Amino acid sequence: MPLPTLICLTFASGVAAALASRVELRVSPRPPLLTRSFGAFALATAWITLPVGLYFYVFHGDWFLLYTVDVDRIPSALVLVGFLLLGGVGALGFVAGASLTRNQRDSIGGAVAAIAILAGGAAVLVARERLAVVGTYAQWSGGFGLVSFAEGPALQGAILGGAVLVVGHAFVLARLSFGGRRA
């Protein structure tokens, strides 16, 4: 899963989490980032989304960044800031979704989440030439030693990472939705 796709999916999951938390968000006067629903979403992002992104950065970093930058040249502090910003994208999605939910614009929120998911898929289509092969930045720029995505471990990681994201966030969304109805 490349970084642009992960960014789009993180934003979409934030919007979806706010939509699933509509019961709490509509009755609570608290700012969205101080609600229990956001706390649950933030934990899910920290335990599901960020580890998936970290896996791709550590094991397929140049591919993850679409061969735009050599990961060996990126300072680790900058990587930490980047992953914190990825979590911030999820929080931004939650705030946007909460605003739409509190204004009873759930259908617009659903459309925003769907557009973000489609944008993540479009990023894969736009960069399909770069994503079709896996290797290092030097291999990509030199045009040697690249392995087909379909033959290498990146495909298995993408399948497993995608499944973890879908199942994990589906569980969180269901829990937020059903938990709000009981309260």
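Residues numbered from 1 in each chain as written. Predicted model: local features only at pLDDT ≥ 70, side-chain atom pairs only at ≥ 80, totals over all residues. Heavy atoms only, no water.

*Asks:* I would appreciate a short explanation of the side chain of threonine 49 in the present structure.
*Replies:* Considering the arrangement of structural elements, one finds threonine 49 in helix H3 (residues 36-64). Every residue in contact with threonine 49, bar those within four places of it in the chain, is listed here: Leu6, Thr10, Ala44, Leu165 and His169. (Helix = DSSP H or I, 4+ residues; strand = E, 2+ residues; numbered from the N terminus. Contact = heavy atoms within 4.5 Å.)

*Asks:* Would you explain the confidence of the model for the chain in this entry?
*Replies:* Low-pLDDT portions of the prediction should not be read for the details of their coordinates. Mean pLDDT over the chain works out to 95, with 98% of the residues at or above the 70 mark. Mean pLDDT values over the elements of the chain span from 91, in helix H8 (residues 153-182), up to 98, in helix H1 (residues 3-20). (pLDDT = per-residue confidence, 0-100.)

*Asks:* Looking at this structure, I do not really get the packing of aromatic side chains. What am I missing?
*Replies:* For any pair of aromatic rings, the description consists of the separation of the ring centres together with the inter-plane angle of the planes. Taken as a whole and assessed by the stated rule, the structure comprises nine aromatic pairs. With centroids separated by 6.2 Å and ring planes inclined at 80 degrees, the aromatic side chains of tyrosine 57 and phenylalanine 83 adopt a geometry described as edge-to-face. Taken together, the positions of tyrosine 57 in helix H3 and phenylalanine 83 in helix H4 (residues 76-102) put the pair 26 residues apart, joining distant regions of the chain. Each member of the pair, tyrosine 57 together with phenylalanine 83, is buried. Site record: aromatic cluster; members linked through ring pairs are Tyr55, Phe56, Phe59, Trp63 and Phe149. (Phe/Tyr/Trp six-rings, centres within 6.5 Å; stacked < 30°, edge-to-face > 60°. Buried < 20%, exposed > 50% of the residue type's maximum accessible area, 1.4 Å probe, protein only.)

*Asks:* For this particular structure, what's the right way to read the pattern of salt bridges?
*Replies:* Should their charged atoms come close, side chains of opposite charge can pair. Applying the stated criterion to the full structure yields two salt bridges. Residue aspartate 106 is joined to arginine 22 by a salt bridge in which the shortest nitrogen-to-oxygen separation is 2.9 Å. One end of the pair, aspartate 106, is in helix H5 (residues 106-126); the other, arginine 22, is in helix H2 (residues 22-27), and 84 residues separate them in sequence. Looking at aspartate 106, the relative accessible area reads 21%, which means it is partly exposed. A relative accessible area of 28% places arginine 22 in the partly exposed class. One salt bridge connects aspartate 106 with arginine 26, and the closest N-O pair in it is separated by 2.8 Å. Linking aspartate 106 in helix H5 with arginine 26 in helix H2, this pair joins segments that are 80 residues apart in sequence. By relative accessible area, arginine 26 is classed as partly exposed at 37%. Here the salt bridges share partners, and the residues they tie into one network are Arg22, Arg26 and Asp106. (Salt bridge = Lys/Arg side-chain N within 4 Å of Asp/Glu carboxyl O.)

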